[in-house]
Amino acid sequence: MITATNLALLAFMAITAWAIARTRNLFVATMLAGIYSLLIATVFVLLDAVDVAFTEAAVGAGITTVLFLGALLLTDRQAKPHKHRFGTYGPMLLVVLLGAALVYTTLDPLMPHFGDAGAPAQGRLAPEFLADSVRQVGRDAPTATHIPNVVTTTLASYRGFDTLGEVVVIFTAGVGVLILLGGGASGGRRRRSRRRDGDDASGRGSTAGGAGA
Amino acid sequence: MIEHVVLRVIARLLAPFIVLFALYVQFHGDFGPGGGFQAGVIFASAFILFALIYGIEHARQIVPPAVAQAGIGLGVLIYAGTGVAGMLLGGRYLDYSVLADDAGHGQHYGILIVEFGVGVTVAAVMITVFFTFAGRRGVLEAREDTAVPPDGDEER
């Protein structure tokens with residue numbers, strides 16, 4: 001049953017990816033990308049990775065779609081048709097070959113099967129990480145850990161440096177957008193007041209910046 | 001979209017619940033799925049929904065850009081500051097065990113504080129990025145108004 005559901009979801013994802021590659025309408029592509037994220041979030045749920053699924057649904061299907069739509073307002077709705085250097089089917093052939101090669105490697109008898117309990121990752125690494133996470137986070141505590149969600153303890157404490165790095169990455173992204181697109185506190189205010197003057201002159205409301213469309 | 005009554009009412013109705021859900025995900029991340037990253041995004045989405053319906057200027061009055069921009073740095077400071085606090089209390093950097101009398105509670109406090117820092121930065125960055133993107137529309141429109149009369153969104 002799980003296998004059938006997985007296969008169905010993966011088939012939907014393949015169809016969605018194909019449609020994204022085919023369409024020239026950027027609005028349609030944005031919406032399909034959101035659907036793609038939702039599909040892979042469902043796959044993550046089936047793989048018992050609820051935290052990852054949650055992140056994928058919130059970030060991939062939610063906020064990314066909105067930010068794409070915001071960017072879409074600044075450009076055309078249609079992608080310009082452009083000539084590929086190696087023809088339309090050259091890159092396609094390359095991608096199919098690469099995918100076939102990846103699938104071929106999984107057919108190796110030495111590779112563990114999908115969901116194999118005897119896979120190296122399941123056999124040695126996962127229990128080690130789980131034990132280490134509990135031992136270090138709940139050090140000296142009589143109850144091994146006060147925090148049931150091992151994903152949270154691993155991310156926030158056992159791998160605290162990694163997560164700090166991730167937050168700094170997001171910080172850098174925000175600062176980068178501010179520097180490039182000029183939303184700085186003082187500069188933005190000046191620009192906005194200037195725009196408002198222009199709006200009054202042309203008889204436009206100051207809510208013209210509302211992102212609705 | 002402020003002229004659509006249904007959208008306007010529903011957005012105003014949903015926004016508090018979205019914020020509540022974000023807070024639940026934020027502070028329940030140690031027991032259930034969730035944490036700062038997801039909570040920050042959900043928190044920001046409430047304000048983005050408001051901005052989509054009521055316009056960017058209204059949303060800017062609720063969350064002034066300066067506040068959102070301060071939040072970007074504040075979250076990282078909370079996270080890194082927790083590590084420094086652990087050092088001052090005699091532990092290693094980002095070792096939360098020394099934050100309370102016993103290690104278990106110390107870890108719990110540390111994780112909650114650190115996740116809060118993550119949530120603040122993520123929410124602030126998402127709101128700021130959206131404001132910046134959506135605000136540019138107005139800049140471009142004003143420029144086009146003075147230069148060429150715009151004829152629709154397509155085929156400029």
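Placed above this text is the structure.
The structure contained in this document is the topic of the report that follows. (Residues numbered from 1 in each chain as written. Chains lettered and ligands numbered in written order. Predicted model: local features only at pLDDT ≥ 70, side-chain atom pairs only at ≥ 80, totals over all residues.)

**Re the overall build of chain B**
- In terms of regular secondary structure, chain B is built from five helices and zero strands.
- Going from the N terminus to the C terminus, chain B shows its helices and strands as α-α-α-α-α.
- When burial is assessed residue by residue, chain B has 51% of its 156 residues classed as buried.
- Long-range pairs, those at least 24 residues apart, make up 65% of the contacts in chain B with a sequence separation of at least 6. (Helix = DSSP H or I, 4+ residues; strand = E, 2+ residues; numbered from the N terminus. Buried ≥ 20, exposed ≤ 12 C-beta atoms within 10 Å, placed from the backbone. Contact = placed C-beta atoms within 7 Å.)

**Description of the packing of helix α7 (residues 160-181) of chain A against helix α4 (residues 65-88) of chain B**
- One way to put it is that α7 of chain A packs onto α4 of chain B with a least axis distance of 10 Å and a crossing angle of 160°. It follows from the interaxial angle that α7 of chain A and α4 of chain B lie roughly antiparallel. With respect to the hand of their crossing, α7 of chain A and α4 of chain B are arranged in left-handed fashion. Contacts from Leu164, Val167, Val168, Phe171, Gly174, Val175 and Leu178 of chain A of α7 of chain A reach α4 of chain B at Gln69, Ile72, Gly75, Val76, Tyr79 and Ala80 of chain B.
- For the contact of α7 of chain A with α4 of chain B, a count of residues per class yields 10 nonpolar, three polar and no charged. (Axes fitted to C-alpha atoms, helices over the stretch in contact; angles between N-to-C directions. Parallel < 35°, antiparallel > 145°, perpendicular 65-115°, else oblique. Left-handed = near helix turned anticlockwise from the far one by under 90°. Nonpolar A, V, L, I, M, F, W, Y, C, P; charged D, E, K, R; others polar.)

**Examining helix α2 (residues 26-46) of chain A**
Residues and elements named next belong to chain A.
- Its 21 residues place the ends of α2 30 Å apart at the C-alpha level, agreeing with the 30 Å of an ideal helix rising 1.5 Å per residue.
- Next to the buried residues of α2 lie α1 (2-22) and α3 (50-72).
- Just downstream of α2 lies Asp48, where phi reads positive at about 65°. (Expected span 1.5 Å × (residues − 1).)

Geometric values such as these leave the question of function open.
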